[in-house]
Amino acid sequence: MTTTPTLAVAEAANAIFSTNYIPVAVFVGGTSGVGQAMAEAFARQTKGFAHIIIIGRSAAAAERILADFPKPGPLKTSSGWAHEFVQCDATSIKSVRVACGALRARLGRINFLVISAGGPMANSMVLSQQIPEGLDESLAMRYFMRYTFLKELVPLLESARKEGQHAHFMTIQGAGFGASIPTQDLGLQEAKKHAWNFTKGMTPVGSLFFAYNDGLVAYFAAEHPNIAFTHISPGQVRTVGGAISTMGWLFAPLKWLFNTLKAIMGTSQDESAQYMLYALLDSSAERGVFFRGSRGQVISSHVSDVDHKGWEDFALPTAHKAGVFNGFTLKGYGGSDATVSGLIHYTEKVLGDIE
Ligand SMILES: NC(=O)c1ccc[n+]([C@@H]2O[C@H](COP(=O)([O-])OP(=O)(O)OC[C@H]3O[C@@H](n4cnc5c(N)ncnc54)[C@H](OP(=O)(O)O)[C@@H]3O)[C@@H](O)[C@H]2O)c1
């Protein structure tokens with residue numbers, strides 16, 4: 001599946017998805033935006049005969065969304081399907097760990113883990129606040145909480161795979177831009193200072209989040225070669241969270257222009273969800289790392305050997321080369337084995353300090 005599908009092609013592919021088991025799907029950010037639309041489409045496709053968990057902060061939104069999911073008929077009532085909401089403020093790593101611990105305690109497996117929650121679109125970083133656990137809010141939402149959810153729940157994906165079922169992780173952020181991991185500024189303090197500094201050259205902070213998500217899927221794909229890991233771009237989507245709500249008075253015209261263009265040219269969240277599901281349910285993407293565009297098309301991919309020694313061997317000349325993962329050149333990927341390794345060490349250190 002390397003061509004770019006039309007909406008009809010994506011919908012047709014999704015429409016033939018079925019399983020001989022009850023799929024367990026977790027949507028972090030399922031209470032609005034692309035995540036909501038994906039959860040709804042997944043519920044429709046399975047006719048509600050699935051265990052669907054949506055995670056977010058708003059119980060009221062979750063209640064409305066879950067109430068509209070189709071419910072399986074009486075013959076299927078006691079067969080293990082469920083539609084539920086788990087409340088979690090993902091800016092708190094401690095809360096994410098608690099939520100994941102509770103899921104691990106009661107779920108035997110997860111087949112699909114999707115993270116779309118992005119938080120405030122005012123990602124200039126200038127506006128992004130330091131939150132109580134010491135992280136920058138944007139970095140927490142776009143990277144640290146995603147890393148934590150995946151690290152905590154990957155054993156359940158492994159369990160699904162061991163049972164011969166789907167096992168797919170997807171982070172929705174910004175794949176394919178070839179952004180480099182800022183090894184010397186992983187906390188983004190320097191980037192944040194220059195985010196809107198025209199004289200020093202504006203730092204495209206948003207694209208740095210893309211690089212972190214590239215590193216996230218590359219690392220986990222190397223460590224768990226039997227599972228599929230996808231980083232995907234949604235493109236410009238008309239979601240509540242996708243509009244810029246604040247940029248300061250100086251940039252008010254820019255904000256107006258951005259939001260107006262998005263309203264005219266952006267994709268609806270339902271349409272975007274069809275493309276995201278097309279990528280998630282792709283039967284030819286059972287294992288490995290995948291970088292995909294806004295229509296679900298593969299930009300590049302790589303399946304690691306089960307014995308992934310190459311990834312850890314930094315004496316290899318390719319280990320320091322941007323755009324190369326485990327010896328393979330990947331289009332639209334800006335990490336290198338060495339910078340991904342540095343990112344993961346940094347991440348573990350930062351998260352280790354949050355007890
Ligand atoms: N929309 C676009 O045009 C666009 C463009 C490029 C990239 N992206 C990226 O694509 C992804 C999906 O986009 P989207 O517009 O659907 O994202 P979004 O509007 O940021 O996602 C909304 C979801 O995030 C949840 N959320 C927000 N803050 C949360 C928090 N602190 N804790 C837990 N959940 C939280 C919301 O739940 P509650 O409100 O219930 O907490 C809701 O379920 C995001 O990562 C975004 O950065 C989007």
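Residues numbered from 1 in each chain as written. Predicted model: local features only at pLDDT ≥ 70, side-chain atom pairs only at ≥ 80, totals over all residues. Heavy atoms only, no water.

Novice: Explain the packing of aromatic side chains to me, using residue names and the numbers behind them.
Specialist: A complete count under the given rule lists 15 aromatic pairs for this structure. An angle of 65° between the planes, with centres 5.7 Å apart, marks the rings of F42 and F112 as edge-to-face. Of this pair, F42 sits in helix 2 (residues 33-45) while F112 sits in strand 4 (residues 112-115), and the two are 70 residues apart along the sequence. Like F112, F42 is buried. Between the aromatic rings of F291 and Y333, the centroid separation amounts to 5.3 Å while the plane-to-plane angle is 35°, which identifies the pairing as tilted. Here Y333 lies in the loop between strand 12 (328-329) and helix 11 (337-352) and F291 lies in strand 9 (residues 288-292), a separation of 42 residues in the sequence. The exposure classification of F291 matches that of Y333, with both residues buried. (Phe/Tyr/Trp six-rings, centres within 6.5 Å; stacked < 30°, edge-to-face > 60°. Helix = DSSP H or I, 4+ residues; strand = E, 2+ residues; numbered from the N terminus. Buried < 20%, exposed > 50% of the residue type's maximum accessible area, 1.4 Å probe, protein only.)

Novice: Before we move on, can you summarise the nonpolar core with the specific residues and values?
Specialist: M145 and F149 are the most contacted members of the largest nonpolar core, which totals 67 residues. Sorting the residues of this core by element identifies strand 1 (24-28), strand 2 (51-56), helix 4 (93-106), strand 4, helix 5 (137-162), helix 7 (205-223), strand 9 and helix 11 as the ones contributing at least two each. If one sorts the elements of this core by residue count, helix 5 sits on top with 14 residues. The next biggest cluster of nonpolar side chains, apart from the first, holds 32 residues, and it includes F27, V237, L280 and L281. (Core = buried A, V, L, I, M, F, W, Y, C linked by side-chain atoms within 4.5 Å.)

Novice: Before we move on, can you summarise the pairing of strand 5 (residues 168-172) with the specific residues and values?
Specialist: Within strand 5, five of the five residues are buried, which leaves the element mostly enclosed by the surrounding structure. Here strand 5 runs beside strand 6 (residues 228-232); their pairing, made up of five bridges, is parallel. By the bridge assignment, T171 is partnered in strand 6 with H231. (Pairing = 2+ DSSP bridges.)

Novice: How would you sum up the sheet that holds strand 1? Please name residues and give values.
Specialist: Taken in spatial order, the eight strands of this open sheet run 3-2-1-4-5-6-9-10, and their pairing is mixed. Unpaired on one side and paired on the other, strand 3 (82-87) and strand 10 (298-302) mark the two borders of the sheet. Across this sheet, the average inter-strand angle for adjacent strands is 15°, counted without regard to direction. Packed onto the sheet, helix 7 meets strand 5, strand 6 and strand 9 and runs at close to 170° relative to strand 6. (Axes fitted to C-alpha atoms, helices over the stretch in contact; angles between N-to-C directions. Contact = heavy atoms within 4.5 Å.)

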